[in-house]
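Observations on chain architecture
Given next are the chains, with one letter for each unit.
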Amino acid sequence: MISVLIRTQDKRVFDCIKSVQESSPTSKIVISTVPDKNLVLQISKLKINYCIVSRKNGSITTNEGLELVKTIKVLITDSDTVFDKNCIKLMENALNKYDVVKAHIVFQNDGSLKSILIANLRTYFNSKSSKMYTPGLAFKMSIKNKIGGYYFDNKVAWSEDSEFSNRVEKNLLKTYVEKKAKLFHPSVSLSHDLASAFLTGAKKLDTKTIPQIIINRIKTHIEIFEGFGIKTLLYGLVWYLLFDCGKLSKYFGKIGLDIQDYFWKL
């Protein structure tokens, strides 16, 4: 049996819950939610096990939710996703062979150019190599002792899945991308996507030298162009501009933190 941990801060969680219940009725659902009285009240009425966490730290949000998991397997997602009918079962079965499994996220768009470019870029980032990113991340709970004694690093508030994936890779765990397991993600607004770029940069731990960063960035831009064309590349340049501004914000003390707080709200 597998549990589905849904991280939420808005009412879209109920569509996600419905997709779990319809596609995998035997799966246990646990929820990690922000302190919103109306939202918590509605969740409690469903008799679903939940915890309340503070905002602005993805690692803590996830780790607190994982404390509620009683099964040997877990699948982590966000409230703004919906499961395809076979997704959860495919992920659960894949964990019989692998330690960590990633679903195939289908980033949807509303038909507008900016929405298509955002979906393209998110598709690129999420499907790049075999990184074990959320949402749509599943693993055996027993991996904790194999990756340092913790699941997600509470010191990493944003892009916590990237740090997790690096530890999984470093410790040679068996990973797999289950492309048949589809998880649908609705279109994302421009402000939210660029805010995500800024916060990813602000919270990213610097582990590479400047020459390594430049080489990787050039490689990334080439891959984006070859995979999605010039328009997505141009949007990617804008995205990385916000990403780099986020990295710089770490050096501006309180002013930088105030700017980060602004982007958290977008």
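Structure shown above.
This write-up is about the structure you can find in this document.

Parameters at a glance
Residues numbered from 1 in each chain as written. Predicted model: local features only at pLDDT ≥ 70, side-chain atom pairs only at ≥ 80, totals over all residues. Heavy atoms only, no water. Helix = DSSP H or I, 4+ residues; strand = E, 2+ residues; numbered from the N terminus. Polar contact = N/O pair within 3.5 Å; in protein donor to acceptor, adjacent residues only side chain to side chain. Contact = heavy atoms within 4.5 Å. Buried < 20%, exposed > 50% of the residue type's maximum accessible area, 1.4 Å probe, protein only. 1 Å grid on protein atoms, 1.4 Å probe; cavity = no way out; pocket = protein on both sides within 12 Å on 5 of 7 lines; lining within 4 Å. Points joined across faces, edges and corners; volume = space filled by probe spheres on them. Nonpolar A, V, L, I, M, F, W, Y, C, P; charged D, E, K, R; others polar. Arc of directions from axis to C-beta. Core = buried A, V, L, I, M, F, W, Y, C linked by side-chain atoms within 4.5 Å. Pairing = 2+ DSSP bridges. Axes fitted to C-alpha atoms, helices over the stretch in contact; angles between N-to-C directions.

As for its placement among the helices and strands, Gln260 is situated in helix α10 (residues 253–264). Within the local environment of Gln260, its side chain forms a polar contact with the side chain of Ser249, the two groups lying 3.1 Å apart. What Gln260 contacts, discounting residues up to four positions off in sequence, is Phe198, Leu199, Ala202, Lys203, Ser249 and Lys250.

For helix α6 (residues 160–170), a buried count of eight out of 11 residues is recorded, marking the element as mostly surrounded by other parts of the structure. Residues of α6 that are buried include every one of Glu160, Asp161, Ser162, Glu163, Phe164, Ser165, Arg167 and Val168, and no others. If you follow the buried residues of α6, they end up packed against β1 (2–8), α3 (58–66), β6 (100–107), β7 (137–140) and β8 (175–185). A positive backbone phi angle near 60 degrees is found at Leu172, which sits one or two residues after α6.

On to empty space enclosed by the protein, then. One pass over the full model with this rule turns up one cavity of 30 Å³ or more. Taken together, Phe107, Gln108, Ser115, Ile118, Ala119, Arg122, His185, Pro186, Ser187 and Val188 make up the lining of the largest cavity. Its residues assigned to classes, the lining of the largest cavity comprises five nonpolar, four polar and one charged.

Another aspect to go through is helix α2 (residues 37–45). Taken together, the buried positions of α2 are Leu39, Val40 and Ile43. Burial along α2 is one-sided: seen end-on, the buried residues are contained in an arc of 95 degrees. Exposed residues pointing more than 90 degrees away from the buried face of α2 are listed as Lys37, Asn38 and Lys45. Considering only its buried residues, α2 is in contact with β1, α1 (13–23), β2 (28–33) and β3 (49–52). With a side-chain oxygen positioned 3.1 Å from the backbone nitrogen of Asn38, the residue opening α2 is Asp36. Looking at the residues trailing α2, positive phi occurs at Lys47, about 60 degrees.

It is worth spelling out the nonpolar core at this point. Proteins that are soluble and globular tend to have nonpolar side chains buried together. In this structure, Ile6, Ile31, Leu75, Phe83 and Met91 are the most contacted members of the largest nonpolar core, which totals 27 residues. At the level of secondary structure, the elements contributing two or more residues to this core comprise β1, α1, β2, α2, α4 (87–94), β6 and β8. When neighbours within four sequence positions are excluded, Ile6 is seen to be in contact with Val13, Cys16, Ile17, Ile29, Val30, Ile31, Ser32, Thr77, Asp78 and Ser79. Counting residues in each nonpolar core, the second largest holds 21 residues, with Leu5, Val100, Tyr151 and Leu173 among its members.

Pairing is mixed in the open sheet, where eight strands are placed in the order β3-β2-β1-β4-β7-β6-β8-β5. Edge positions in the open sheet fall to β3 and β5 (82–83), since each of these has one partner strand only. Where α4 meets the sheet, its contacts fall on β1, β4 (73–78), β5, β6, β7 and β8, and the angle it forms with β8 comes to roughly 165 degrees.

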